[in-house]
Amino acid sequence: MSSIASAGTHGLEHHAEHGHHHESFWTKYVFSQDHKMIAKQFLITGIIMAVFALILSILFRLQLAWPDKEFPILEVLLGSKWAEGGRINPEFFLALVTIHGTIMVFFVLTAGLSGTFSNLLIPYQLGARDMASPFMNMLSYWFFLGACVVMVSSFFVESGPASAGWTVYPPLSAVPKAISGSGLGMTLWLVSMVMFIISQVLGGTNYISTILNLRTKGMDLWKMPLTIWAFFLTAIVGLLSFPVLVSAVVLLFFDRSVGTSFYLSDLVIQGQILPNEGGSPILFQHLFWFLGHPEVYIVLMPALGLTSEIISTNSRKPIFGYHAMVYSLVGITVLSFIVWGHHMFVTGMNPFLGGVFMITTLIIAVPSAVKSFNYLATLWRGNIRFTPAMMFAIGMVSFFISGGLTGLYVGNSAIDIHVHDTYFVVAHFHLVMGSASIFGMLAGVYHWYPKMFGRMMDEKLGYLHFWLTFVAAYFVFFPMHFMGIDGVPRRYYAFTEFPFMEKWMSVNVFITWSAIVAGVAQIAFLWNFFSSIRFGKVAPQNPWGANTLEWTTPVKHIHGNWPGEIPTVYRWPYDYSKPGHHEDFIPQNVPFSETMSSNLPHDFEGNPEAERIQREWELANSPQAEKETE
Amino acid sequence: MGFINNSKFRAVVVLAFIVGMGLANQAFSQEVVDTAGQAVDTAVVTAADTATVSDTTAAAGGATAADSGTTTAAAPAAATTGTAVAAAEESGSTIDPQVYMNFFYGVLLVFLICVLVGVIGKIIQIYELTRRMNGKDTTLYARNFNAQLFVLALVLGLYGVYWSYVHHGGQAFRAAVTEHGKSIDNMFIITTVICTVVLVLTHIALFMFAYIYRAQPKRKAYFYPHNNTLEKIWTIVPATTLTILVLFGFFTWRSITNVSEEAKQEAILIEVVGEQFAWTVRYPGRDGKIGERNYRLTTPLNGLGIDFNDKNSWDDQLGSEIVIPVNKPVRFQIGSKDILHSFYIPDFRVQMNAVPGMKTYFQFTATMTTEEMREKMDDYNYDFVMLCNKICGGGHYNMQKKVRVVTEEEYTAWLNEQPYFFTEDLRKEFQLSQATDEQEDAKLLAQAN
């Protein structure tokens, strides 16, 4: 890469190198400070963690489907401590559930999703050379990777990984005597989580400052794509809520290792009276869910942002109600902070508080409903191109609706008495934040793959991946609603001890087979993803005919993104199929002067000069005028 | 294009071959390790004068020895002992070589499926080539095939939802047998109706729009950036619906949780205390009051740590199961000795966490006896059950207590048979502690004087 390409903006970096920017393997691929490379690092790490967590889920699904059967291969793989005789140990089952949840929520759907696409798209779509603080950005990735390594390493300690559920409620997580996973494994969980939060805070600060400060000329807030709005609000939510989890984690660490009693009181563990006094386990739940609920939206909002962009691009239509979409995101952001108590309706929290939290919780359904209807309205009378990304985006909307609707049950404190902590909840959140977010993420991967790797993914494999995953996900999670209505609690090692659960055994087998199909279907994705890096068709500059700025950059990545000047932005990002224009898209950097035939009065935001020019042009080019000249 | 495709195809085949060889190699190397292990093992076995062991068992032992290399948990055991005895013990949990074969076949099967998918992909590519040669489009047809699949998914999906409601819903939903449970059920049914209508309508819209508005080369989408009226409608309609649900839910919730003082006095108080992984049920006895607990007083005899200084505790009775009279309000005082548990009776629509260091309550009135429920269910083994619904460790999945709802007479009769907590042994223990307390008090007094 020549220094001319980015001269002027990066003179400082180059002065020591006499015009040549040398990138060794280490600075390019490993300790990279380039947002595009960091995005790829986040994505690939996220994919690896997702596969890991997927395998964990298949393991515990095997146990649930065939509780009496032996799988000797498991003893080979897991060792005789955790799977003696090929049957998963009950405590290890809980460890699997715990780590599956932790990895999926934090490492895949928070870091893998936000980390990848915020890093990739914020500078690209805003017209910035890089993030505001590239070094912090690099640190963010390395803390994340460290957190992943520590979390996975907990499988190799003798007492096993954390097994108190991904919510790690004390006292179970605080007292190693109560469950072996609360020994060293839990310490590693806490260490990993602190590293993860540092990563999130570094990343979030960076995203916010980049969005606020590094927008290109003309890119005012109301010209930003919805993706950026989503990342921006997500970063704010993360920055405000993750530190609260640090406090929860630190206090738990003190309780475990220093002998304090923040969460502990009146404990007699297996006949031994513990000295702790005066704490309350409920405190932890408040602190945890003060992050935990915003976390749901940290997971969901980027997926919603990506989906908005993809649906609009591939319907060849502007997103319906851009302002409403932004306001509903803002509404979700604000409300997400005052609904956490709905996780605690039956924990013994004051019942009046439960009523209040129910009201706030159900209000949050309004912006979510607005978003769903706007998606549907965007599809209406579109010219829909079923790229794999679009398929996943449609799937995301489907999951968002079907999973969101059951929120009306669990958010209602009266009904929640019955379904709290049952499979109904499992079904609910796996659809609305699990499947919906992962589909949003996959849609993003298929859509921006050409931007990330300069090559196209295979469409046919994409379709196969979509249909198998979509159908299998519904097969896995839909029946779970009914198990929950029947009163089957989650995190049960086996359904064998209760006569009323026997009827669900066959359903469990069905669910497990569906999960295995869904798991195997991911091979189509992995193959497609990794082989296309090398063997995919070379991508054109703007393969989807999209309007946003990232598609104006060269296919081959260069440091600083744009070879020359950064493009100026003149219009909003959703001018698709504008009547009067010869193409069905007008990129954001095309000035109105070049699209006289399609300009609408609304476009000029009341600028009298522009309106006058447009009127004059229209007069000169009206059909009568043409006839006269003829 | 063709060349690229070709070379890609070649790459796929080569990769498939390499992966296949790799797998085969692994299988072979496994065998090599096995035989090596076998050799070592046989040697050890001979040294231990158990030469009679047949080849097959030795092979099995060899497999274990080979395993212990790969299996982390088994490794230390093998390393520390390393004698024939250990090998013999190990062979107790021997892994049949068939297990590896089965695993290998499983992997092979997945691999073959992948190859099959690849072959189908090639066929599609050839089909597309011929289409291109005939001057037909090669991307739109495939993309729009998905539009048809969406219609199919919609039809099958809606039928699936219907089937699931009838089939799974039928076996999942049992009407509540408590007074408050009926209002929860009402809310549940209203919510289900609303949600189902919205689910069906939105999915018809979603998938039918996908089909109807699939890309056509000549069509242009309709530029329709916003419509304030529409947006107002779909803000206000959900908001109104939700307001109704919220109000309804709020009053239901308050009626369940906000129990008046008189109602509390009328109810029978029963205490349930959870610990890993059992429940203890305490009935108040004649005085209707449950004695205080203090976790510091827990001894092997006094598992709950009942404070016998509180005379209310002297007639507390230990319930072998939860038995409650029908149509009488009962108030459960829920506690925990160690970690969080949850007191959950699905049929009653009752759930409350058991929190150490804090008492929680749930008051309800059962409206149907177990006998009546059995008749209604036509299942003469049916029982109400209370189960733990908060993750609490390895035995979480089996932490239950039977719940029986009986007539008032049966209840009194049953209660009379239940033993007291304050047994002879406990009385002695209590008196002893009193005595030592008095001695200590006396000592303190003496010192003070």
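What you see is a predicted model, and the numbers here were worked out from it, not measured in a lab.

Cut-offs applied
- The numbers attached to residues start from 1 for each chain and follow its sequence in the written order.
- Chains and ligands are labelled by the order in which they are written, letters from A for the one and numbers from 1 for the other.
- Where totals are concerned, whole chains, interfaces and linings use all residues; where local detail is concerned, this predicted model gives features only for residues with pLDDT of at least 70, and gives and counts side-chain atom pairs only at 80 or more.
- At least two bridges found by DSSP between two strands is the condition for calling them paired.
- Only DSSP runs of H or I with at least four residues qualify as helices, and only runs of E with at least two residues qualify as strands; both kinds are numbered from the N terminus onward.
- With C-beta atoms placed from the backbone, a contact is any residue pair whose C-beta atoms sit within 7 Å.
- Interaxial angles span 0 to 180 degrees and are taken between N-to-C directions of axes, which are lines fitted to C-alpha atoms, for helices over the stretch in contact.
- For every residue, the pLDDT score states the predictor's confidence, bounded by 0 at the bottom and 100 at the top.
- In this scheme every C-beta is placed from the backbone, and a residue whose C-beta has 20 or more other C-beta atoms within 10 Å is buried, one with 12 or fewer is exposed, and one in between is partly exposed.
- Comment on the angle field: the value is read as roughly parallel under 35 degrees, roughly antiparallel over 145, roughly perpendicular from 65 to 115, and oblique elsewhere.
- For any helix crossing, the convention is left-handed if the near helix is rotated counterclockwise from the far helix by under a right angle, and right-handed if that rotation is clockwise.
- Throughout, the ten residues Ala, Val, Leu, Ile, Met, Phe, Trp, Tyr, Cys and Pro are labelled nonpolar, Asp, Glu, Lys and Arg are labelled charged, and all others, Gly among them, are labelled polar.

## Considerations on the pairing of strand E1 (residues 268–275) of chain B
Residues and elements named next belong to chain B.
Phase 1: Bridge count between E1 and strand E5 (residues 329–336): 7 bridges; the pairing is parallel. Paired with Ile270 across the two strands is Phe332, which belongs to E5.
Phase 2: As paired strands, E1 and strand E2 (residues 278–283) are joined by 5 bridges and run antiparallel to one another. Residue pairing for E2: Val273 is matched across the bridge by Thr280.

## Examining the interface of chain B and chain A
Phase 1: Contact residues are listed per partner, giving 109 residues for chain B and 112 residues for chain A.
Phase 2: Counting residues per element, the side of chain B that touches chain A draws most heavily on helix H8 (residues 228–257) of chain B, which supplies 16 residues.

## Things to note about the sheet that holds E2(B)
Residues and elements named next belong to chain B.
Phase 1: Strands sit in the order E3-E2-E1-E5-E8 across an open sheet of 5 strands; the sheet is mixed. A strand with exactly one partner marks an edge of an open sheet, and here the two such strands are strand E3 (317–319) and strand E8 (360–365). Strand-to-strand, the axes of this sheet are offset by a mean angle of 30°, without reference to chain direction.
Phase 2: Note: E2 against E3, 3 bridges, orientation antiparallel. Counterpart to Arg282 in the pairing with E3 is Leu318.

## Focus on the confidence of the model for chain B
Residues and elements named next belong to chain B.
Phase 1: With 77% of its residues at a pLDDT of 70 or more, chain B shows a mean pLDDT of 80.
Phase 2: Highest mean pLDDT in chain B belongs to strand E6 (residues 341–345) (95); lowest belongs to helix H3 (residues 74–81) (39).
Phase 3: Predicted confidence is poor over residues 1–7, with pLDDT under 50, and the contacts of this stretch with residues over four places away or in other chains come to 2 contacts.
Phase 4: Every residue in residues 22–92 scores below 50 in pLDDT, and together they form 67 contacts with partners more than four places removed in sequence or on other chains.
Phase 5: In the predicted complex, the global pTM is 0.87; the interface-specific ipTM is 0.90.

## Observations concerning the environment of Leu432(B)
Residue and element names in this part refer to chain B.
Phase 1: With respect to the element layout, Leu432 can be found in helix H12 (residues 424–448).
Phase 2: On the neighbour-count criterion, Leu432 (10 C-beta atoms within 10 Å) is exposed.
Phase 3: Along the backbone, Leu432 and Val330 are 102 residues apart, and their C-alpha atoms lie at a distance of 36 Å.

## Digging into the sheet that holds strand E10 (residues 400–406) of chain B
In a beta sheet, neighbouring strands pair by backbone hydrogen bonds and run either parallel or antiparallel.
Residue and element names in this part refer to chain B.
Phase 1: Taken in spatial order, the 5 strands of this open sheet run E4-E10-E9-E6-E7, and their pairing is mixed. Edge strands, defined here as strands with exactly one partner in the open sheet, are strand E4 (322–325) and strand E7 (350–354). With direction set aside, neighbouring strand axes in the sheet form an average angle of 20°.
Phase 2: Looking at chain direction, E6 and strand E9 (residues 384–388) are connected through 2 bridges and run antiparallel. Among the inter-strand pairings, Phe343 is bridged to a residue of E9, identified as Cys388.

## Considering the packing of helix H16 (residues 423–453) of chain A against helix H17 (residues 459–485) of chain A
All names here are of chain A.
Phase 1: The contact between H16 and H17 brings their axes to 7 Å, and the two run at 165°. As the angle between them shows, H16 and H17 are arranged roughly antiparallel. The hand of the H16/H17 crossing is left-handed. Contacts between H16 and H17 pair Tyr423, Phe424, Val425, Val426, Ala427, His430, Leu431, Ser435 and Tyr446 from the former with Gly462, Ala473, Phe477, Met480, His481, Met483, Gly484 and Ile485 from the latter.
Phase 2: For the contact of H16 with H17, the residue count by class is 12 nonpolar, 5 polar and no charged.

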